[in-house]
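Below are the chains, spelled out letter by letter.
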Amino acid sequence: MARWWLLGTLAVVASGCTRGSASSSDTPPLRPGQLAQVELGPAGGTLSIAQPAVTVVVPPGAVAAPVRFRLAAAPKRLAGAASPAVELTPHGIAFSKPVAIRFSFPTSGTTRPPELAPGVAFSELRLATLVGESWELLPTKFPEPGVVEGMSGHLSLFALLEPCHATCTDTDFRLAG
């Protein structure tokens, strides 16, 4: 019985079938630097990709047992995101300490990083996670020039957003951003 299951599994893999209805032409393959996988345990550790430049820091004690983490660049910019998105899996893991997700950009003078959407103010960026079809902002800081860091207690899709904010002119309010 196990041999038939294994042969069936190999046949599906060999035929190039994908899970769900997406075909291989819908999702471009990941290029070098867009995927990292590592097993991290109670001692913590890091994993990074180069495109976009993202590092995930799992602090000591965040997980009780070893977990195989996977960090991958999203195949395209997601609606509402000011930066390329990344997916951190496996989903469903809850941490006893939040993990840090760091987006890094070159800091050559005052040039806007090309990875960011046009018109985005670097100082306004916030890390967000996709919940259903909406972005949820996460606690964010700027620990060093060119770095935006957010904290999360779970694994998900993450991107940088430039949140809308209200501005006041006399008694009229308008949305900006």
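As a reminder, the structure under discussion sits directly above these lines.
What you see is a predicted model; the values in this text were computed from it and never measured. (Residues numbered from 1 in each chain as written. Predicted model: local features only at pLDDT ≥ 70, side-chain atom pairs only at ≥ 80, totals over all residues. Heavy atoms only, no water.)

Caption draft 1: Inspection of the packing of aromatic side chains at higher detail. In this structure the tally under the stated criterion is one aromatic pair. Seen from their ring centres, F69 and F95 are 6.2 Å apart, and the 10° between their planes marks the pair as stacked. Here F69, found in strand β4 (residues 67-73), pairs with F95, found in strand β6 (residues 94-104); they are 26 residues apart in sequence, far enough to count as distant. Judged by relative accessible area, which is 12%, F95 ranks as buried. (Phe/Tyr/Trp six-rings, centres within 6.5 Å; stacked < 30°, edge-to-face > 60°. Helix = DSSP H or I, 4+ residues; strand = E, 2+ residues; numbered from the N terminus. Buried < 20%, exposed > 50% of the residue type's maximum accessible area, 1.4 Å probe, protein only.)

Caption draft 2: Examining the side chain of T129 more closely. With respect to the helices and strands, the residue T129 is situated in strand β7 (residues 126-131). Here the side chain of T129 touches S156 through a polar contact of 2.9 Å, side chain to side chain. If near-sequence neighbours (up to four positions away) are discounted, T129 is found in contact with S134, W135, E136, L138, H154, S156, L157 and F158. (Polar contact = N/O pair within 3.5 Å; in protein donor to acceptor, adjacent residues only side chain to side chain. Contact = heavy atoms within 4.5 Å.)

Caption draft 3: Geometry of the pairing of strand β3 (residues 54-58). In β3, alternate side chains face the same way, and those of V54, V56 and V58 are buried while those of T55 and V57 on the opposite face are not. Pairing of strand β2 (residues 45-49) with β3, which is carried by five bridges, proceeds in the antiparallel orientation. The residue bridging G45 from the neighbouring strand is V58, located in β3. Sheet topology places β3 next to β6; four bridges connect them, and they run antiparallel. Bridge pairing in β6 links V56 to I101. (Pairing = 2+ DSSP bridges.)

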